[in-house]
Amino acid sequence: MLEVPNVPKEPLTISIIGAGQRGNNYAQYSELFPEWLKVVAVAENHPDKRNAFAKKYNIPNENVFNDWSDMAKRPRLSNAVAICTPDKLHMEPSVAFANSKYNILLEKPMAVTVEDCYKIVEAIKQNEVIFAVGHVLRYTSHMNVVMQVINSKALGDIINIQHLEPIGHWHFAHSYVRGNWSQEASSTFSLMAKSCHDLDLIVYMMGSNCKKISSFGTLSHFRKDKKPVEAGIATNCLNCNYEPSCPYSAKKIYIEPFLKDGIKSWPNSVVQPVGHIGKVFYKKQQYIFLSFFALYFFSSFLHHRTTHFTNFN
């Protein structure tokens, strides 16, 4: 385990590429531990998100960008950059900021094609920068306990792991039916988008690289022909007769928790004023199959080594 160094004389600086939910999560570390981290720049193409983020972290106007490429053209603004763009848009900013000598925290998944992964790896090697992919679950307290048990050999040799992704019906509905990952063509399949966490944990627990993967699934539920009869021609939860009985009701997931209990945290925090909050799930065939991590990432700058980070050999 990486030893935590003394607090630096000056906080490390970071730029955030993508001021969505994950970009805000990483930036929040600077609020919790200002002696460690300071956010100094942001690139975000959504004006409301960009302006709110810049105001929250008191970022000067000259360091606020609509497009990450404009930031990359400038002389290096920070020690590190957190790249939190959509999954399919990871490769280009990763390569550009590596070429600008930024240390990089890249949100998972690393990329959605093997070719893009190789391009990122090559840029990281050529520029000799620190690089980490945001597989944050390795650094949770419960995984620390699991690894202590495994490494103690109390269980003997690990032969088989049965692992369940406990995503829950409402989370899957929010992200992978209504949300940004609802269409494989515009994002990636759910095994990559969500369960790359689980694949990483399996590799971590086994202590060896994967040699073969078998995957299967089918479009079974969120189909037009599965739409409840009671829903009729409804295209929105707010005008659907089946809504009171539907576990995927947008009223139940978003509106009622906000109005009754004042819940403003995720997922309400990422719902846009204009969007698909009440989309009926059966309308289209669209079903597709901060933490200790931040501390280790930022402290690695002081150690000048990449222990616990991606091994490219």
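What counts as what
- Residues numbered from 1 in each chain as written.
- Predicted model: local features only at pLDDT ≥ 70, side-chain atom pairs only at ≥ 80, totals over all residues.
- Heavy atoms only, no water.
- Helix = DSSP H or I, 4+ residues; strand = E, 2+ residues; numbered from the N terminus.
- Areas by Shrake-Rupley, 256 points an atom, 1.4 Å probe, with all protein chains shown as cover.
- Buried < 20%, exposed > 50% of the residue type's maximum accessible area, 1.4 Å probe, protein only.
- Core = buried A, V, L, I, M, F, W, Y, C linked by side-chain atoms within 4.5 Å.
- Salt bridge = Lys/Arg side-chain N within 4 Å of Asp/Glu carboxyl O.
- Axes fitted to C-alpha atoms, helices over the stretch in contact; angles between N-to-C directions.
- Parallel < 35°, antiparallel > 145°, perpendicular 65-115°, else oblique.
- Contact = heavy atoms within 4.5 Å.
- Nonpolar A, V, L, I, M, F, W, Y, C, P; charged D, E, K, R; others polar.
- Phe/Tyr/Trp six-rings, centres within 6.5 Å; stacked < 30°, edge-to-face > 60°.

Along its length, the protein carries twelve helices and six strands. Surface accessibility of the protein: about 17800 Å² in total, with carbon and sulfur atoms responsible for 53%.

In this section: helix H10 (residues 196-206). Within H10, the full set of buried residues consists of Cys196, His197, Asp198, Asp200, Leu201 and Met205. Among the residues trailing H10, glycine 207 stands out with phi positive, at a value near 75°.

What follows covers the nonpolar core. In terms of nonpolar packing, the biggest core is built from 26 residues, with Phe97, Ile104, Ile120 and Phe131 touching the most fellow members. Of all elements in the fold, only strand S2 (37-43), helix H4 (68-73), strand S4 (80-83), helix H5 (91-99), strand S5 (103-106), helix H6 (114-127) and strand S6 (131-133) reach the threshold of two or more residues within this core. Take this core: its biggest share by element is five residues, from H5. Of all hydrophobic cores here, the second largest spans 21 residues; its members include Ile14, Tyr29, Phe53 and Leu105.

The subject of this paragraph is the pattern of salt bridges. Taken as a whole and assessed by the stated rule, the structure comprises eight salt bridges. The shortest N-O distance in the salt bridge between arginine 22 and glutamate 107 comes to 2.7 Å. A residue pair is termed long-range when its members are at least 10 positions apart, and arginine 22 in helix H1 (residues 21-27) and glutamate 107 in the loop between S5 and H6 qualify at 85 residues. A salt bridge links arginine 138 to aspartate 200; the shortest N-O distance between them is 2.9 Å. Of this pair, arginine 138 sits in the loop between S6 and helix H7 (141-151) while aspartate 200 sits in helix H10, and the two are 62 residues apart along the sequence.

At a minimum axis separation of 10 Å, H7 and H10 run at an interaxial angle of 30°. One finds that H7 runs roughly parallel with respect to H10. Touching Met143, Val146, Met147 and Ile150 of H7 are Leu201, Tyr204 and Met205, all from H10. In the contact of H7 with H10, the residues fall into seven nonpolar, no polar and no charged.

Okay, the packing of aromatic side chains next. If you walk through the whole model with that rule in mind, you get seven aromatic pairs. An angle of 45° between the planes, with centres 4.8 Å apart, marks the rings of phenylalanine 53 and tyrosine 57 as tilted. Both residues of the pair, phenylalanine 53 and tyrosine 57, belong to the buried class. Summarising the aromatic geometry, the rings of phenylalanine 172 and tyrosine 176 are spaced 5.4 Å apart at their centres and angled 40° between planes, so their arrangement reads as tilted. Of the two residues, phenylalanine 172 and tyrosine 176 both sit in helix H8 (residues 169-178), four residues apart, roughly one turn of that helix.

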